[in-house]
Amino acid sequence: MANLAQAIRLALHYGETHLGVTDIFGEDVGPPLGGVFTATQGLTKTWNTPLDERGILGMAMGIALAGGKPVAEIQFCDYMFNALDLMKLAGNAHWTTNGGWHLPMVVMTPVGAGIHGSIYHSHSIESIATHLPGWKIVMPSNAKDAYGLLISAIQDPNPVLYMAPKALLRVKGDELIPGEPADERELHRRIDAPLGDRSGWTPNWPPVTDFSVPIGEAKVCRTGDRVTVVGYGHLLPACVRAADVLAQEGIACEVIDLRTLIPFDLPTLQRSLDKTGRLLLVNEDTEVTNFGEHLLRKLVERCFYSLQVPPVLLAGADVPGVGLAWELERHSVPQEEDILAAMRKLATAGE
Amino acid sequence: MDPKLALHIHDVMVQSRQTEEALIRMMRSGHGYFWIGGPGEEAFGVPLGLLVDKGSGPAHDYLHLHYRSSCTVMAMGTAPIDLLRQMRSTITDPFSGGRNFAGHLSIPQWNVVPGTSTIETQYVTALGTAWVQRRHGGTGISIVNGGDAGTAEGDFASCLNWSSRPGQELPILMIVTHNGIGISTPAAQVQNTPALHERAIPFGIRHGRVDGNDPQASWAALQEAMAYVRTERRPFLLQADVSRLYGHSSSSGARPEGGRDCLSEYEAKLADQGLLSPQQAAQIHERWREHLRDAVHQVLKEPMPTKDDVFTHIFYRAPD
């Protein structure tokens, strides 16, 4: 099975050959490296930029204004903070011009902790990004969704922020992407650039398709009637594994992968919470003004009388950064055992 | 310069000056909230607008204009009443539907991309339109303007850097209109030289400086710079020294600040050349003054945005 980085690469290949992507660019995105996470190896529309996030976003906006279809990368979301006003401008251009202009552009960026990335390679940015109206915002948690969400992002006529959980970029999926070879060694031979000199290498792309994951559609990964667990990105697989542990104990938890943060799939969350009455929201961003707090407010407003116990947000510690030492990271970012404990506690609360 | 053109430039300069003064009066009369504009920049901005290759798409010029550029779009053909509509924040405001300040322009059919209040961001969005034009070929270029104070922002340096990468040069005409002051801070306090165009030198970018109070010199300098960018597909940095006749904005009163007045200087020159008498000039001023009086009355009757308009155009939806 493809991993997330390979899935992104496959989707970009489909995008540049079938969906009109004109430019895929960012720092080290083009040859010879093809991206610090290998996600842009072997593509034809890639090129390297100066080390200048504001220039990258301005370039993307200008290409979109001139009728192109850019996919820009900010190498780590930690380095997007110096360019937030350009993100804001991209998001508000359609509204401020009263519909005069729209910007069909995708910005990809790796997010989150989990790779011993220390202070400036571990940020999450969703709480800030979701304060930029006019952007659609997606984050996959597995390779197949990584492919399908990127296809949808490319097809969308609005700015779309595609957040890739960097801790999962090397994680293989458990479902084939349509067109992906069943043998992962074959996929590796066909699309992974060799180490060392790559000047003579060209990929042999498998016949991938326009399979897409609609923006705005969450996915119910595990069904259950005891606790609703809502997560996305990096920590979603841990939520699923924790649910599987509890299922063996006879506690059926419903795990929902939000997949799209803006616009999020409120009806799916509401249906689940009306069923379970118990809510756990999980993400790794710092907890103060966390995006999960917004979900919490929406769900409490709509499902107040369904709630059986107080809902819980399990998020990153409100500290200035994720420290490098493992004990620092482990106690800054929710871990699988923390999620399992929170789910178990919610499942039995009030009894 | 052909006398007909010289007189046309004068006519648009008067139109633009009268429009800006009408905007200020509207703001002072409570018919608008905030004024910012470019009276004092007409001698440069009008020739710029007249020289633009106007149209839609990369075959034509893209304009990344800052908020002192109403004279440029009027030279392109924008009616003064549309600028008044934006001051009044009517729903008929063609640039923003009542959402943005005066002078924050957006004209998709002429490649005038969204104007913003964020200083200097236009210098990086210009990279993208120029990149598409580089690929497209032809003679379309990207034109970006801004003031002297804004050149302190990193985006100005980004434009110089990205547009001059070897083998990837971009067809951008970068313009700095230098009025010597940023809100209240004199340029000499914050910059080591008034020759901002020389910042092009380390990037190998061709550059020039012109008296932006002289429309005929501006016309010639713009023609030369544009011809270079159109044919060589390389960047050019042009500094135009201009005046700021009514201050930064209404935040500082929008009152006359003195300085060279390009319009009165130009009228004296046209009189010397026997092209326009003071009486004829006065008639042109009166014609535009009357035109704007009528336009203000019209705008005051036009509808304002409603509650429902808050929620339109957040996301674009392609037609079915």
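So, a few notes on the structure that sits alongside this text.

What counts and what doesn't
- Residues numbered from 1 in each chain as written.
- Chains lettered and ligands numbered in written order.
- Predicted model: local features only at pLDDT ≥ 70, side-chain atom pairs only at ≥ 80, totals over all residues.
- Helix = DSSP H or I, 4+ residues; strand = E, 2+ residues; numbered from the N terminus.
- Rg over C-alpha atoms; globule rule 2.2 N^0.38 Å.
- Buried ≥ 20, exposed ≤ 12 C-beta atoms within 10 Å, placed from the backbone.
- Arc of directions from axis to C-beta.
- Pairing = 2+ DSSP bridges.
- Contact = placed C-beta atoms within 7 Å.
- Nonpolar A, V, L, I, M, F, W, Y, C, P; charged D, E, K, R; others polar.
- Axes fitted to C-alpha atoms, helices over the stretch in contact; angles between N-to-C directions.

**Section: the overall build of chain B**
Then step 1. Across its full length, chain B carries ten helices and seven strands.
Then step 2. Computed over the C-alpha atoms, the radius of gyration of chain B is 19 Å, within 12% of the 20 Å expected from 2.2 N^0.38 for a compact globule of 320 residues.
Then step 3. In terms of overall dimensions, chain B has C-alpha extents of about 60 × 55 × 40 Å along its principal axes.
Then step 4. Buried residues in chain B amount to 56% of all 320 residues.

**Thoughts on helix α8 (residues 266-276) of chain A**
Then step 1. For α8 of chain A, every residue scored as buried is listed here: L269, S272, L273 and T276 of chain A. Projected down its long axis, α8 of chain A carries its buried residues within an arc of 95 degrees, all on one side.

**Here we look at the pairing of strand β8 (residues 227-231) of chain A**
Residue and element names in this part refer to chain A.
Then step 1. In terms of residue burial, β8 counts as a mostly covered element, since five of its five residues are buried.
Then step 2. Direction of pairing for β8 relative to strand β11 (residues 279-286): parallel, over a ladder of three bridges. Paired with V230 across the two strands is L281, which belongs to β11.

**Notes on the interface of chain B and chain A**
Then step 1. Taken together, the contact pairs 33 residues of chain B with 31 residues of chain A.
Then step 2. At the level of elements, α5 (122-136) and α6 (154-163) of chain B are the ones that each hand at least two residues to the side of chain B that touches chain A.
Then step 3. By residue number, the principal contributor to the side of chain B that touches chain A is α5 of chain B, which donates eight residues.
Then step 4. Broken down by class, the residue content of the side of chain B that touches chain A amounts to 16 nonpolar, 15 polar and two charged.

**Digging into the sheet that holds strand β2 (residues 142-147) of chain B**
All names here are of chain B.
Then step 1. Strand order in the open sheet made by the five strands is β1-β2-β3-β7-β6, with parallel pairing throughout. Strands with a single pairing partner mark the edges of an open sheet, and in this sheet they are β1 (62-64) and β6 (206-211). When the angles between neighbouring strand axes are averaged without regard to direction, this sheet yields 15 degrees.
Then step 2. Bridge analysis of β6 against strand β7 (residues 236-241) gives six bridges, and the strand direction is parallel. Bridging across to β7, R209 finds its partner in Q239.

**Some details on the sheet that holds strand β2 (residues 46-48) of chain A**
All names here are of chain A.
Then step 1. Reading across from one edge, β2-β1-β3-β4-β6-β5-β10 is the order of the seven strands in this open sheet, with mixed pairing throughout. Since the sheet does not close on itself, it has two edges, and those belong to β2 and β10 (260-262), each with one partner. With strand direction ignored, the average angle separating the axes of adjacent strands in the sheet is 20 degrees.
Then step 2. Bridging between strand β5 (residues 136-138) and β10 involves two bridges; their strand directions are antiparallel. Paired with I137 across the two strands is I262, which belongs to β10.
Then step 3. Strands in contact with helix α2 (residues 53-65) are β1 (23-26), β3 (70-73) and β4 (106-111); relative to β3, the strand with the most contacts, it is inclined by about 175 degrees.

**Some remarks on the environment of L43 of chain A**
Residue and element names in this part refer to chain A.
Then step 1. Take L43: it is sitting in the loop between β1 and β2.
Then step 2. Look at L43 and you get buried, because 24 C-beta atoms sit within 10 Å.
Then step 3. Expressed as a C-alpha distance, the spacing of L43 and I191, which sit 148 residues apart in the sequence, is 9.7 Å.
Then step 4. In this structure L43 touches L12, H13, E16 and I24, once residues within four positions along its chain are discounted.

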